Amino acid sequence: MDLSALEKLRTAVRGAVLCPGQDGYDTARTIPNAMIDRRPALIARCTGAADVIVCVRFAREHDLLVSVRGGGHSVAGKSVCDDGLMIDVSAMKGIRVNLSRKTVRAETGLTLGEFDRETQAFGLATTLGVVSKTGIAGLTLGGWGHLHAKYGLALDNVIGADVVTADGRLLTTNASENEDLFWGVRGGSGNFGIVTSLQYRLHELGPVFGGAVFHPAAKAGEVLRFFHDYSQAIPDELVIQCGSFSLPDNTPVFAVAACYCGRPSEGEKVLKPLRTFLPPIVDAIGEMSYLQLQGMFDPFFPPGRLTYVKSNFIRALNDDVIRAIAEFAGRSPSPFSFAPFVEHWHGAATRVGITDTAFPHRQHSYNLMFWSNWESPSESDKNIRWTRTSWNALRPFLVEGSYGNYVSDEGDLFARAAYGPNYERLVALKKKYDPTNFFRMNHNIKPTI
């Protein structure tokens, strides 16, 4: 690249612009999934929307591939590119709560934990994910979390967004401005621009009643049968998930995690069957702050492990499926994997129409994932092979569609299935806002079918 052009970019961007070999470059390009080892030609550490606009225009002028990093938790590694420009928004952490309206505007460099700490200072919260180190942007444009059954997915609580489009404009999107783009960014996986801030609806939330109960991995079938039956009649205040992993002492377990977001005294009654249907190894359910609950999974997901994920929604959690899932409990070659794991989707999140937002997965009650983690590259082949073998064995019980935040880099057909019946409308939107497919480091929607 012409050095004068590089200096011009550095002058125009308030944040640092890093090249290979410079201090901070390797730290900036490293993301939590150690499977990804890419080297951008440039990394622009943006401080605000103005920097993002400059970077988009520069990349267009110089025909550079662009990737966008917020929290960097894309398991597919879409936030880092080889040889192009990585637009890093992780330093953009502005957040402001509007108490009278119960809304918040948040820049997209924030993590879930940073967002939750600010909103919980006022006794407020909204649905986000379940690991506090995750960035809000990628998570929100999908959005399963502990509050989804009571208040909807994270994207259902978005009431506005600022988006830098492929032509370098900053657009405000909401229910009355650029409504088509507002529809598309809620589930469209960054295909239409770079979201620099999000505005959310907030809800009053005090202490919750939750945690997890742990059973031996050999009891997976019994736990899954209870999980299925129990989930049929739980209230919207309760969200549950279950799965196989290992405790810090390497004991393989099959656990059920829960969050009841209503009155803790009522939660204690609702969760009693979960805590007593079998004698658990450990019962770690009780009253706690929402921040404590949101950090519960953090120790199990340190950065720097290698990660490979397979995930699809289950057609029906019947006896055949339960037996098939239980076969793999406690069998992962790595003690750091969460596999197999099942999320229960219900309540407000499932009462939104399939075409009301770009996110189509509203009709399936159970989401299966094999989230495999390991520490050494020498263990990659056996862990990837086990994950694929397990998933293939269960594939007859699964639908084609997947929750995009759990999709590794599986190619165009897999990405297309993740958008389901909304795909053609998304293609039309892509053609309008990004006709050259400038934003393609994502689960990509091409501007032609």
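All values derive from a computational prediction rather than experimental measurement.

Help me get a handle on the side chain of threonine 307, residues and values and all.
Looking at the secondary structure, you find threonine 307 in strand β17 (residues 306-313). Threonine 307 sits in the buried class, given a relative accessible area of 9%. Separated by 2.8 Å, the side chains of threonine 307 and asparagine 373 make a polar contact. Not counting chain neighbours up to four residues away, the residues in contact with threonine 307 comprise Asn33, Met35, Val75, Trp371, Ser372, Asn373 and Trp374.

Kindly report on the pairing of β17, identifying the contributing residues and their values.
Burial analysis of β17 places eight of its eight residues in the buried class, which makes it a mostly covered element. Side chains of β17 alternate between two faces, with Leu306, Tyr308, Lys310 and Asn312 and Thr307, Val309, Ser311 and Phe313 buried alike. Looking at chain direction, β17 and strand β19 (residues 366-374) are connected through eight bridges and run antiparallel. When the sheet's bridge partners are listed, threonine 307 is paired in β19 with asparagine 373.

Which residues make up the sheet that holds strand β9 (residues 170-174), and what values do they have?
The strand order across the open sheet built from five strands is β5-β6-β10-β8-β9, with neighbouring strands paired in antiparallel fashion. The sheet is open, and its two edges are formed by β5 (95-98) and β9, each paired on a single side. Each neighbouring strand pair of the sheet contributes to a mean axis angle of 15°, computed without reference to strand direction. Note that strand β8 (residues 158-164) and strand β10 (residues 194-201) share six bridges and pair antiparallel. Pairing of valine 163 across the sheet is with valine 195, part of β10.

Hey, could you go over the environment of valine 309 for me, with residue numbers and the actual values?
If you trace the backbone, valine 309 turns up in strand β17. Its relative accessible area of 1% is what places valine 309 among the buried residues. Sequence separation between valine 309 and threonine 350 is 41 residues, and the spatial gap between their C-alpha atoms is 24 Å.

Summarise the pattern of salt bridges; cite the residues concerned and give the values.
This model, assessed by the stated rule, comprises 18 salt bridges. Across the pair lysine 93 and glutamate 114 runs a salt bridge, and its minimum N-O distance is 3.0 Å. A residue pair is termed long-range when its members are at least 10 positions apart, and lysine 93 in the loop between β4 (85-88) and β5 and glutamate 114 in helix α4 (residues 112-120) qualify at 21 residues. Using a relative accessible area of 36% as the deciding quantity, one classes lysine 93 as partly exposed. Glutamate 114 gets classed as partly exposed once you look at its relative accessible area, which sits at 25%. Note that aspartate 236 is salt-bridged to arginine 351, the shortest N-O span being 2.5 Å. With aspartate 236 in the loop between α8 (220-231) and β13 (238-246) and arginine 351 in the loop between β18 (338-344) and β19, this residue pair connects regions lying 115 residues apart in the sequence. What makes aspartate 236 partly exposed here is its relative accessible area of 23%.

Would you mind going over the packing of helix α1 (residues 3-12) against helix α3 (residues 49-61) in detail, with residue names and values included?
Two elements in contact, α1 and α3, have axes whose closest approach is 10 Å; the angle formed by their N-to-C orientations is 160°. When the axis of α1 is compared with that of α3, the two are roughly antiparallel. Between α1 and α3 the crossing geometry is right-handed. The residues of α3 that touch α1, namely those facing Ala5, Leu9 and Ala12, are Asp51, Val54 and Phe58.

Describe the sheet that holds strand β2 (residues 42-45), listing the residues and the values that go with them.
Reading across from one edge, β1-β2-β4-β3 is the order of the four strands in this open sheet, with mixed pairing throughout. Each edge of the sheet is formed by a strand with only one pairing partner; in this case those strands are β1 (17-18) and β3 (66-69). Across four bridges, β3 lies against β4 in parallel orientation. When the sheet's bridge partners are listed, arginine 69 is paired in β4 with aspartate 88. Sheet strands touched by α3: β2, β3 and β4. Its angle to β4, the strand with the most contacts, is close to 170°.

Can you explain the side chain of threonine 126? Please cite residues and give values.
Topologically, threonine 126 is positioned in the loop between β7 (124-125) and α5 (136-140). Beyond its immediate chain neighbours, meaning those up to four positions away, threonine 126 contacts Phe115, Leu147, Asn157, Tyr200, Arg201, Leu202, His203 and Tyr290.

Please give an account of the packing of aromatic side chains that cites residues and values.
Going through the model one piece at a time under the given rule, you end up with 20 aromatic pairs. Ring plane angle 70° and centroid distance 5.0 Å describe the contact between phenylalanine 115 and tyrosine 200, whose orientation is recorded as edge-to-face. Of this pair, phenylalanine 115 sits in helix α4 while tyrosine 200 sits in strand β10; the two residues are 85 residues apart in sequence, bridging distant segments of the chain. Taking relative accessible area as the criterion, tyrosine 200 reaches 0% and is therefore assigned buried. Centre to centre, the rings of phenylalanine 245 and phenylalanine 300 are 5.3 Å apart; their planes meet at 75°, and the pair counts as edge-to-face. Taken together, the positions of phenylalanine 245 in strand β13 and phenylalanine 300 in the loop between α11 (290-294) and β17 put the pair 55 residues apart, joining distant regions of the chain.

How would you summarise the packing of α8 against helix α12 (residues 319-326) if you had to cite specific residues and measurements?
Here α8 crosses α12 at 140°, and the two axes come no closer than 9 Å. Here α8 lies oblique to α12, going by the angle between them. You can see that α8 and α12 cross each other, and the crossing is right-handed. Where α8 approaches α12, its residues Ala220, Gly221, Leu224 and Arg225 are matched on the opposing element by Asp319, Ile322, Arg323, Ile325 and Ala326. Taken together, the residues that form the contact of α8 with α12 break down as five nonpolar, one polar and three charged.

Give a detailed account of the nonpolar core, specifying residues and quantitative values.
Counting 61 residues, the largest nonpolar core has Phe115, Leu128, Ile136, Tyr200, Phe245 and Tyr403 as the members making the most contacts within it. Counting residues per element, this core draws most heavily on helix α15 (residues 423-433), at five residues. Ranked by size, the runner-up nonpolar core spans 38 residues in total, among them Val223, Ile322, Phe328 and Trp391.

Go over helix α13 (residues 380-394) with me, naming the residues and quoting the values.
With 15 residues, α13 extends 21 Å between its outermost C-alpha atoms, agreeing within 8% with the 21 Å of an ideal straight helix rising 1.5 Å per residue. By the burial criterion, the buried members of α13 are Ser380, Asn383, Ile384, Trp386, Thr387, Ser390, Trp391 and Leu394. The buried residues of α13 occupy an angular sector of 160° when projected down its axis, which confines them to one face. The exposed set on the far side of α13, more than 90 degrees from its buried face, consists of Asp381 and Arg385.

Criteria and thresholds
Residues numbered from 1 in each chain as written. Predicted model: local features only at pLDDT ≥ 70, side-chain atom pairs only at ≥ 80, totals over all residues. Heavy atoms only, no water. Helix = DSSP H or I, 4+ residues; strand = E, 2+ residues; numbered from the N terminus. Buried < 20%, exposed > 50% of the residue type's maximum accessible area, 1.4 Å probe, protein only. Polar contact = N/O pair within 3.5 Å; in protein donor to acceptor, adjacent residues only side chain to side chain. Contact = heavy atoms within 4.5 Å. Pairing = 2+ DSSP bridges. Axes fitted to C-alpha atoms, helices over the stretch in contact; angles between N-to-C directions. Salt bridge = Lys/Arg side-chain N within 4 Å of Asp/Glu carboxyl O. Parallel < 35°, antiparallel > 145°, perpendicular 65-115°, else oblique. Left-handed = near helix turned anticlockwise from the far one by under 90°. Phe/Tyr/Trp six-rings, centres within 6.5 Å; stacked < 30°, edge-to-face > 60°. Nonpolar A, V, L, I, M, F, W, Y, C, P; charged D, E, K, R; others polar. Core = buried A, V, L, I, M, F, W, Y, C linked by side-chain atoms within 4.5 Å. Expected span 1.5 Å × (residues − 1). Arc of directions from axis to C-beta.

Scope: geometric values only; no functional claims are made or implied.
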